[in-house]
Amino acid sequence: MSVLGRLRNIRLQDAVWLLLFAALGFASPTQSAGEIFLLLCLAALQVAEPRLEALNSPQGKVVSALIKLGLGYILVGLTNGVSSSYYLILLLPVVSAATTLGVTGTIVITLLACLSYLSFLLPVYVDWSQVTLTDDGVRELSLRLLFLVVTAFLTYELAQAGRRQEQRYRATLEELAAANRSLKEAEATIRRSERLAALGQLSAGLAHELRNPLGTIRASAEMLKKNVAGRGEVAAELAGFIASEVDRVNSLVTRFLEFARPLELRLEVCELTEVIDRAVARVERDSGPGRAAIFKNYSPDIRPFPMDAELLERVFYNLLLNAVQASPPGGAVTVKTRPAGEGVEISVIDRGSGIEPRHLENIFNPFFTTKPDGVGLGLSIVSKIVDQHGGTMSVESEAGKGSVFRVHLPTKPAGSASSSSA
Ligand code: ADP
């Protein structure tokens, strides 16, 4: 790290600590080597503490407070014991404990600080045959101890208020992040719907216009076939190609028009799991043996609710088929249901090829496909049916790791919540 970088790492409070300890050293009447050394150690610990990973763990904080207590104890012991002017240095471990440890840690360290200060009254330190403890002395001693306790209490209260405030900020931050995520999802859904609506209108018009010329081409090809009958094999074969290719295009146009047509829901109260079961059975039948297995993880807490069972079966069929097709042979696909808010969430989870980030925006667009024989209408139809049910969709995917498609469906038809509360 450059010198400038190091300087930038020095905080204002570090400078204040260093200054304070330097002032203590200068103010000392004896300035003995031991005293200066202890002050240096305390200053170094105070400054290094926030930077040392080991001292920031819960055990590290206890160790740090105990070291400060030990160094302070020796310093007071070296400088006249109970009447040392350094007795306030014992505030250092007490304040540290109150700001970084819980209530038990603060009580223990404060008690240890008081006891260590009182220990200077032991005969090892005081020759009681020469000295007597006056009433004033006792009062001064009690005040000093009380001072330690009051400081511990006040600092602890202040630190607790700070911690509570921090918790509130953190909770607000998390709420904001969640709201931001939902907003982004909602924006993506709106963008998708707008794009789909515009594309749908344009293409539906185009597809409709294509139908008439296609019909004419088909009829002409039929007539041509009849006219050239017996006049050459090649001409008949070419007329046959025209007819069959027109049929293919026609079927694509019909599928697309089906997709573009506004959906009319036929709502009936049905059991969601039965609808998913039917979709699973169809996917298993259509995708044949050797494909990924489908596992069901249904919540027992979902009651039957109004839905268009036929259309929702198509939703789960498309999602499950995509998941199976993206999974390696013998892989696993899971379909999971759970109550979520005012509705249910159905997730289709696979550990298959996943979707590249650059494709994620497009997968719901009609005709977007990465499959050689895909049409790219599956997810646009899924999204349209879910929209029509008043639901939402989201996808989480990582290329090479797999995908999770989530469908959220309301269990009450739109508007029923307000009418029931009225
Ligand atoms: P199609 O299946 O005809 O390609 P879809 O609209 O169903 O059309 O899917 C569009 C594209 O989205 C797919 O071609 C594929 O690239 C991607 N996709 C959809 N589901 C998955 C999935 N579970 N895993 C990986 N890619 C997926």
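None of the values given here were measured: they were computed from a predicted structure.

Participant: Even after reading the chapter, I still don't get the sheet that holds strand 7 (residues 402-410), so can you show me in this structure?
Facilitator: Note on sheets: strands pair through backbone hydrogen bonds, and any given pair is parallel or antiparallel. Taking strand neighbours across the sheet as the criterion, the 5 strands line up as 2-4-5-7-6 in an open arrangement whose pairing is mixed. In this open sheet, the two edge strands, each paired with only one partner strand, are strand 2 (293-297) and strand 6 (392-398). Ignoring strand direction, the axes of neighbouring strands in this sheet form an average angle of 15 degrees.

Participant: How should I be thinking about the packing of helix 4 (residues 58-78) against helix 5 (residues 91-100) in this particular structure?
Facilitator: The geometry of helix 4 relative to helix 5 is characterised by a closest axis approach of 8 Å and an angle of 165 degrees between their N-to-C directions. Judged on the interaxial angle alone, helix 5 and helix 4 are roughly antiparallel. Of the two possible hands of crossing, helix 4 and helix 5 adopt the one that is left-handed. Of the residues in helix 5, those touching helix 4 at Lys 61, Ala 65, Lys 68 and Leu 69 are Leu 92, Pro 93, Ser 96 and Thr 100. Grouping the amino acids of the contact of helix 4 with helix 5 by side-chain chemistry returns 4 nonpolar, 2 polar and 2 charged.

Participant: How should the side chain of Thr 106 be read in this particular structure?
Facilitator: Locating Thr 106 in the fold gives a position in helix 6 (residues 103-118). Here Thr 106 falls in the buried class, since its relative accessible area comes to 5%. A distance of 2.7 Å separates the side chain of Thr 106 from the backbone oxygen of Gly 102, its partner in a polar contact.

Participant: Explain the site of the ligand here, please?
Facilitator: Near the ligand you find 20 residues, and of these Asn 322, Thr 369, Thr 370, Lys 371 and Leu 379 are the closest. At 2.7 Å from an oxygen atom of the ligand is found a side-chain nitrogen or oxygen belonging to Lys 371. In the environment of the ligand, an oxygen atom lies 2.9 Å from a nitrogen or oxygen atom belonging to the backbone of Gly 376. Summarising the interface, the protein chains cover 92% of the accessible area of the ligand, which totals 530 Å² for the free molecule. Elements supplying a minimum of two residues to the shell around the ligand: helix 10 (309-326), helix 12 (378-388) and strand 7. Of all the elements, helix 10 adds the most residues to the shell around the ligand, at 3 residues. When its residues are assigned to classes, the shell around the ligand shows 9 nonpolar, 9 polar and 2 charged.

Conventions we followed
- Within any chain, residue numbers begin from 1 and follow the written order of that chain's sequence.
- A pLDDT threshold of at least 70 governs which residues receive local features in this predicted model, and a stricter bar of 80 or more applies before side-chain atom pairs are shown or counted, although totals over entire chains, interfaces and linings include all residues.
- Excluded from the side-chain calculations are hydrogens and water; all other atoms, namely the structure's heavy atoms, are used.
- Strand pairing is assigned whenever DSSP detects at least two bridges linking the two strands.
- Helix numbering and strand numbering both begin at the N terminus, where a helix is a DSSP run of H or I of at least 4 residues and a strand a DSSP run of E of at least 2.
- Here the axes come from fitting lines to C-alpha atoms, over the contacting stretch only for helices, and the angles between their N-to-C directions go from 0 to 180 degrees.
- For classification purposes, an angle smaller than 35 degrees is called roughly parallel, one larger than 145 roughly antiparallel, one from 65 to 115 roughly perpendicular, and anything else oblique.
- Definitions for this section: a left-handed crossing has its near helix turned counterclockwise from the far helix by less than a right angle. A right-handed crossing has that turn clockwise.
- Residues count as neighbours in contact if any of their non-hydrogen atoms are within 4.5 Å of one another.
- By the convention adopted, Pro, Cys, Tyr, Trp, Phe, Met, Ile, Leu, Val and Ala count as nonpolar, Lys, Arg, Asp and Glu as charged, and the other residues, Gly among them, as polar.
- Burial status follows relative accessibility: with a 1.4 Å probe on protein chains alone, a residue under 20% of its type maximum counts as buried, one over 50% as exposed, and anything between as partly exposed.
- Counting of polar contacts relies on pairs of N or O atoms within 3.5 Å, with two restrictions inside protein: one atom must be capable of donating a hydrogen and the other of accepting it, and residues adjacent in sequence are counted only when both atoms are side-chain atoms.
- When at least one non-hydrogen atom of a residue lies within 4 Å of a molecule or strand, that residue is treated as near it.
- Method for areas: the Shrake-Rupley scheme with a 1.4 Å probe, in which residue coverage is limited to the protein chains shown.

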